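Here's the letter readout for the chains.
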Amino acid sequence: NAGVTQTPKFQVLKTGQSMTLQCAQDMNHEYMSWYRQDPGMGLRLIHYSVGAGITDQGEVPNGYNVSRSTTEDFPLRLLSAAPSQTSVYFCASSDLGIPETQYFGPGTRLLVL
Amino acid sequence: GENVEQHPSTLSVQEGDSAVIKCTYSDSASNYFPWYKQELGKRPQLIIDIRSNVGEKKDQRIAVTLNKTAKHFSLHITETQPEDSAVYFCAATRNYGGSQGNLIFGKGTKLSVKP
């Protein structure tokens, strides 16, 4: 199993550009989530999903959209990038039957100029 | 909603000493408390966790204690080694049956172990 994968590893955007961060998992996990990590702020939940077709907002959802068309994929879309969205983004997944163990992807480092 | 406070933000110890990181939580319904270790440039990885029906859990040099009355839990690392140097995050959530609760993270503790 590849576990949780994320692409790209690093991205530079200009203010106002849009892009999609990809996340995929091959563990058949129902729960998937997106976090952003900023220095001194820990990990903050952006959006999450408890299954295909179901998404909900986390702590810091503004400026981001998600969709969950399949169990495996959970892309995060930045509609109009802002410098405040410069961060490291982590995707995570877990099994609803064993909800505690969340597996994180390797992260995407995003720089918005 | 849940709020998790973590202290200290930085911790420096000599190799072989013990390290203790403390977290408090606000939601008395939280029943699951994991600890993650994140090395520089890497993803967070689960190192130990504890559920609300247990007061203490050990795994080799790592232990976690939980005080439900006071709503705080702590990570204890004994005989620290340089490879323990990393950022440690605590988290809290409530899970009931097949219902998934979202993890709320503390802001992290940067542990430095000096040889």
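What this report covers is the structure whose coordinates are included nearby. (Residues numbered from 1 in each chain as written. Chains lettered and ligands numbered in written order. Predicted model: local features only at pLDDT ≥ 70, side-chain atom pairs only at ≥ 80, totals over all residues. Heavy atoms only, no water.)

**Focus: the overall build of chain B**
- A tally of regular secondary structure across chain B gives zero helices and eleven strands.
- Counting from the amino terminus, helix and strand elements in chain B follow one another as β-β-β-β-β-β-β-β-β-β-β.
- Taking 115 residues into account, the globule formula puts the C-alpha radius of gyration at 13 Å, and chain B, at 14 Å, falls close to it.
- By principal-axis analysis of the C-alpha atoms, chain B measures approximately 45 × 30 × 20 Å. (Helix = DSSP H or I, 4+ residues; strand = E, 2+ residues; numbered from the N terminus. Rg over C-alpha atoms; globule rule 2.2 N^0.38 Å.)

**Structural notes on the side chain of Asp84 of chain B**
All names here are of chain B.
- Within the secondary structure, Asp84 sits in the loop between strand E8 (72–77) and strand E9 (86–92).
- Overall, Asp84 belongs to the buried group, its relative accessible area being 7%.
- In this structure the side chain of Asp84 is engaged in a polar contact, spanning 2.9 Å, whose partner is the side chain of Arg61.
- Leaving out residues up to four positions away in the same chain, Asp84 has contacts with Lys37, Arg61, Ile77, Glu79, Leu111 and Val113. (Buried < 20%, exposed > 50% of the residue type's maximum accessible area, 1.4 Å probe, protein only. Polar contact = N/O pair within 3.5 Å; in protein donor to acceptor, adjacent residues only side chain to side chain. Contact = heavy atoms within 4.5 Å.)

**Here's the deal with a nonpolar patch on the surface**
Residues and elements named next belong to chain A.
- Together, Phe10, Val12, Leu111 and Leu113 make up an exposed nonpolar region whose accessible area comes to about 360 Å².
- Locating Phe10 in the fold gives a position in strand E2 (residues 10–13).
- Look at Phe10 and you get partly exposed, because its relative accessible area is 47%. (Patch = residues over 30% accessible without salt bridge, like charges linked within 9 Å, V, L, I, M, F, W, Y side chains within 5 Å. Areas by Shrake-Rupley, 256 points an atom, 1.4 Å probe, with all protein chains shown as cover. Salt bridge = Lys/Arg side-chain N within 4 Å of Asp/Glu carboxyl O.)

**Examining the interface of chain B and chain A**
- Listed per partner, the contact involves 18 residues of chain B and 21 residues of chain A.
- A combined buried area of about 1800 Å² lies between chain B and chain A, and 54% of that area is made up of carbon and sulfur atoms.
- At the boundary of chain B and chain A, one finds zero salt bridges.
- Here chain B is connected to chain A by four residue pairs in polar contact (both at pLDDT 80 or more).
- Broken down by secondary-structure element, the contributors of at least two residues to the side of chain B that touches chain A are strand E4 (32–38) and strand E5 (45–51) of chain B.
- For the side of chain B that touches chain A, the per-class residue count stands at seven nonpolar, seven polar and four charged. (Buried area = accessible area lost by both parts, 1.4 Å probe. Nonpolar A, V, L, I, M, F, W, Y, C, P; charged D, E, K, R; others polar.)

**Section: the sheet that holds strand E8 (residues 76–78) of chain A**
Residues and elements named next belong to chain A.
- The strand order E1-E3-E8-E7 describes an open sheet built from four strands, whose pairing is antiparallel. Each edge of the sheet is formed by a strand with only one pairing partner; in this case those strands are strand E1 (4–7) and strand E7 (64–66). Here the average twist between neighbouring strands, direction ignored, is 20°.
- Across three bridges, the pairing between E7 and E8 is antiparallel. Paired with Tyr64 across the bridge in E8 is Leu78. (Pairing = 2+ DSSP bridges. Axes fitted to C-alpha atoms, helices over the stretch in contact; angles between N-to-C directions.)

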